[in-house]
There are 2 protein chains.
Amino acid sequence: MRKTTAEAQPAPLDAPGNVGDVRKANLARVLAVIAGAHSEHRLSRADIATRSKLTKASVSSLVADLLASGLVIEIGVHRDGERGRPSVGLILNPARCVIGMEINVDYISAGLVDLSGKLLTHQIVPRLNRGVNAEQVIDALSELSSQMQQAAEAQDLKILGGGLAVPGLVDEKSYTVLQAPNLGWETQSLNVRKLLRETKSRFRLFNEANASALAQQQLMGPAERDFLFVSGEVGIGGGLIIDAELFAGPQGHAGELGHVVVQPEGKPCSCGGRGCLETVAGQEAILSAANLGVAARGASRQQRIERLYQALESGQESASIAVADAGKSLGVAVASAMRLFNVSTVVFGGHFAALEQWLLPATTHSLTTHAPSIASQAQLRFSPLGQTGALIGAAHSVVGDLLESPHQLVG
Amino acid sequence: MRKTTAEAQPAPLDAPGNVGDVRKANLARVLAVIAGAHSEHRLSRADIATRSKLTKASVSSLVADLLASGLVIEIGVHRDGERGRPSVGLILNPARCVIGMEINVDYISAGLVDLSGKLLTHQIVPRLNRGVNAEQVIDALSELSSQMQQAAEAQDLKILGGGLAVPGLVDEKSYTVLQAPNLGWETQSLNVRKLLRETKSRFRLFNEANASALAQQQLMGPAERDFLFVSGEVGIGGGLIIDAELFAGPQGHAGELGHVVVQPEGKPCSCGGRGCLETVAGQEAILSAANLGVAARGASRQQRIERLYQALESGQESASIAVADAGKSLGVAVASAMRLFNVSTVVFGGHFAALEQWLLPATTHSLTTHAPSIASQAQLRFSPLGQTGALIGAAHSVVGDLLESPHQLVG
DNA sequence: CCATTTAGTTTATGTCCTGAACTATATGGG
DNA sequence: CCCATATAGTTCAGGACATAAACTAAATGG
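Reading the values: the criteria
Residues numbered from 1 in each chain as written. Chains lettered and ligands numbered in written order. Predicted model: local features only at pLDDT ≥ 70, side-chain atom pairs only at ≥ 80, totals over all residues. Heavy atoms only, no water. Helix = DSSP H or I, 4+ residues; strand = E, 2+ residues; numbered from the N terminus. Buried < 20%, exposed > 50% of the residue type's maximum accessible area, 1.4 Å probe, protein only. Core = buried A, V, L, I, M, F, W, Y, C linked by side-chain atoms within 4.5 Å. Contact = heavy atoms within 4.5 Å. Least-squares fit on C-alpha atoms with pLDDT ≥ 70 in both. 1 Å grid on protein atoms, 1.4 Å probe; cavity = no way out; pocket = protein on both sides within 12 Å on 5 of 7 lines; lining within 4 Å. Points joined across faces, edges and corners; volume = space filled by probe spheres on them. Nonpolar A, V, L, I, M, F, W, Y, C, P; charged D, E, K, R; others polar. Salt bridge = Lys/Arg side-chain N within 4 Å of Asp/Glu carboxyl O. Axes fitted to C-alpha atoms, helices over the stretch in contact; angles between N-to-C directions. Parallel < 35°, antiparallel > 145°, perpendicular 65-115°, else oblique.

### Side note on unusual backbone geometry
- Although it is not a glycine, A:Ala244 sits at a positive phi angle of roughly 65 degrees.
- Structurally, A:Ala244 can be placed in the loop between β12 (236-242) and β13 (245-247).
- The class for A:Ala244 is partly exposed, based on a relative accessible area of 27%.
- Backbone geometry at B:Thr187 places phi at a positive 45 degrees, although glycine is not the residue there.
- Along the polypeptide, B:Thr187 turns up in strand β9 (residues 185-189).

What follows is the structure, given as structure tokens:
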């Protein structure tokens, strides 16, 4: 009866479908094609038409809008030796970026990420935020953010949005940190307006593990559509990517591995429960179990971590046993998580990545013991993301939002 | 620049957006409004226009297509005493239905579910399917299905599709049961063509727990958007509803609670691991731990279950301890699952529902011990769904598919 | 210099939603 | 009995959009 080419999508009940929606979808489609091209490969309108399966006419019209939005620019190109009219290259505008930020227990950081996901500049400022009033931390970060914004202006870079990652549970809509035990925060509403001059631009708040998972996704490329990222910071967080999208769960806290029960009769945990993964594999748990000696008492956590590495390198048994115990419990928790989420790839980040060689054998063994059918297909990896992971992920995710709804910048 | 009213959706890369898509989305939208109305409340075109926020003109045109598709029918209505032209009522066609089926360990079943989700007729046939060749079971089910189809024809009911639930992991696309240890099946490709005469109609294969979760969702209504359904059959399965949709995970096996590790040093499990929930709270585990005495040896499982209930009613300690132990481990597993999925409602079905009074105190206590912050907000419920749950869920889900893409029936 | 080739634009056409005008059908008061 | 009023539903002109085909632009190569 009607000629149609694509799948319908049930429109949200508060906004009926409209021919304009098609335009929005196709704008995003064209932009996705441009963004998906290999960075050095400038696409022509004709290329885009082929890849997007839209007609040349439509692509020309859509590209005109994208040029007007400033997300895309033209680069003149003369094809070498080929016949025919030369094509005009189209690329994501390198003069547009998003600011990514992170508040962690012992530092704050900020950086600029361009539309292709590249980290242009960044700065990490050591700062003990534990127990410090949220307002003060935001002020310090605001300072750092201002520096970044000045740096951007100096290079004629326009900032289109921002993302902030914090080590705790967040409510994105209200820009509220619900729980961040490692910062000592509870239900802190963050004044994020201080962080960006352009109040029009979009701003998002992320859990640190989720942001890192997003950065890891970018790192591994689009082929890896499903994995669990386990972030071993002071606490143990988790970020889940399912079908190439962040799966955050009803309140945005899905994937949190730290309080999975690994020893029903185990030690009490800071969460009020007992036998949680964090009581065995959390940074504090490993450090105290490693029995680093009297010299370590009273030292800062950073110093104690250094001691731990030294102890491991020198083969001190109490240290390697502590890490192996952590690895074993990690295997138990990961077995359950892989089962429940039905994922077969797990990426360990944060301090787990640094502990790889001592951790992995125990984790693998434990996983094999508790879930052989999963272990046989499991991919356990360790993330090379350093301290910039969370800010890159937060910024890149905001970039993704922008690229998915370019029509907002067209009007 | 452009006047628009709705959110864009990035079209799948294999099909560009097209004005026709708007129609598809709006057809589904109108249908959703009709389906969402309270069953006795027939909506007029004018009502639909108001609720869908489409214009009267568009609604009239869209409704014409829906009438042509047969999914919707008109019912003349004269409003009592009100002024103005009387409206024409529109309802889902009661003469359209979907056939739902289930293969379980000791029975097969089939039933007809209409577009409003109501079970019209059904039949449950006891049958020991354990260890029986899949082909034979399908033949038996095909027989039952034929009876249903005849019954449908006799009432002028048109069958638009079918859904089949099986107690195991499935691959929907290839109609293959990958693992069904309780049936003794492994990688069985099911010849589902035998089950439906209309080869054009759509057919879907479900895991039993997922199908039951979908039925539970229908039962609880649209307000409950997130919950975990735990199905205590011979094995322990799980179905997860997130944001009012089934979350099946990458391969469709998400939410499977049976092999979550609850005792790292526990008993070996049939899955090859150890300390899985099923080794403590599975039907077999409870029955053998309950120590039902020599009389129970050699009895059928159904008989032994009856004995268990008797023992519990009469206060036999070994039985109540066995169930309490199961409940305790269930609490551990549920604590982890609620944490990982970030859901706060869990519904227990299958034989767990029958054990509610003996199970719940132990489960609640265990949950409180291991995750007090979750326990304080948790909703633990028990499902009233009986043996028809899975078939209703499977059928209803197929109905949902049909209502979401009505354009396929319009042409 | 002109045929060939490829890039991109213009134009006519059909779908679809919208808003406004219009028709259809009821109630109720004079 | 007739007409004002109210509500339901249809018709029609108009604008946004994608499409296909024709057309223009700009290069190469013989």
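### Re the nonpolar core
- Ranked by size, the top nonpolar core spans 94 residues in total, and within it A:Leu257, A:Leu308, B:Leu257, B:Leu308 and B:Phe348 carry the most contacts.
- Not counting residues up to four positions away in its chain, the partners in contact with B:Phe348 are B:Val230, B:Leu330, B:Val334, B:Ala353, B:Thr363, B:Leu380, B:Arg381, B:Phe382 and B:Ser383.

### Things to note about the environment of A:Leu312
Residues and elements named next belong to chain A.
- Mapped onto the elements of the fold, Leu 312 is located in helix α8 (residues 301-313).
- By relative accessible area, which is 5% here, Leu 312 ends up buried.
- With 43 residues separating them along the chain, Leu 312 and Leu 355 place their C-alpha atoms 9.1 Å apart.

### Overview of the relation of the copies chain A and chain B
- The two copies are related by a screw operation: chain A maps onto chain B through 180 degrees of rotation and 0.0 Å of translation along the axis, at an RMSD of 0.1 Å. Accordingly, the operation relating the two chain copies is best matched by a two-fold axis. Rotation axis and chain A: the residue whose C-alpha lies nearest the axis is A:Val19, separated from it by 2.9 Å.
- Same-surface contact between copies: 100% of interface residues of chain A are shared with the interface of chain B.

### Observations regarding empty space enclosed by the protein
Residue and element names in this part refer to chain A.
- Scanning the model with the defined rule gives 3 cavities of 30 Å³ or more in all.
- By volume, the second largest cavity is sized at about 50 Å³.
- Along its surface, the second largest cavity is lined by Gln 283, Ile 286, Leu 287, Ile 305, Leu 308, Tyr 309, His 351 and Leu 355.
- For the lining of the second largest cavity, the secondary-structure elements that each account for two or more residues are α7 (283-289) and α8.
- Across the lining of the second largest cavity, the residue classes tally to 6 nonpolar, 2 polar and no charged.

### Let's talk about the environment of A:Ala289
Residue and element names in this part refer to chain A.
- Following the sequence through the fold, Ala 289 ends up in helix α7.
- The class of Ala 289 is partly exposed, set by a relative accessible area of 44%.
- Along the chain, Ala 289 and Val 323 lie 34 residues apart, while their C-alpha atoms are 8.5 Å from each other.
- If we ignore the near neighbours within four places in the chain, the residues touching Ala 289 are Ser 318 and Ala 322.

### A few points about the pattern of salt bridges
Residue and element names in this part refer to chain A.
- Inspection of the entire model under this criterion finds 26 salt bridges over all chains.
- Taking the shortest distance from any N to any O, the salt bridge between Arg 45 and Glu 74 comes out at 2.6 Å. Linking Arg 45 in helix α2 (residues 45-52) with Glu 74 in strand β1 (residues 72-76), this pair joins segments that are 29 residues apart in sequence.
- Look at Glu 74 and you get partly exposed, because its relative accessible area is 40%.
- A salt bridge links Glu 135 to Lys 194; the nearest nitrogen and oxygen atoms lie 2.7 Å apart. Of this pair, Glu 135 sits in helix α4 (residues 134-154) while Lys 194 sits in the loop between β9 (185-189) and β10 (202-207); the two residues are 59 residues apart in sequence, bridging distant segments of the chain.
- Here Glu 135 falls in the partly exposed class, since its relative accessible area comes to 36%.
- Residues joined by salt bridges that share partners form a network here, namely Glu 135, Asp 139 and Lys 194.

### Here's the deal with the packing of helix α5 (residues 208-220) of chain B against helix α13 (residues 389-404) of chain B
Residue and element names in this part refer to chain B.
- Where α5 meets α13, the axes come as close as 7 Å, and the angle between the chain directions of the two elements is 75 degrees. Classed by the angle they form, the pair α5 and α13 counts as roughly perpendicular. Contact residues: Glu 208, Ala 211, Ser 212, Leu 214, Ala 215 and Gln 218 in α5; Gly 389, Ala 390, Ile 392, Gly 393, Ala 394, His 396 and Ser 397 in α13.
- Here the contact of α5 with α13 is composed, by residue class, of 6 nonpolar, 6 polar and 1 charged.

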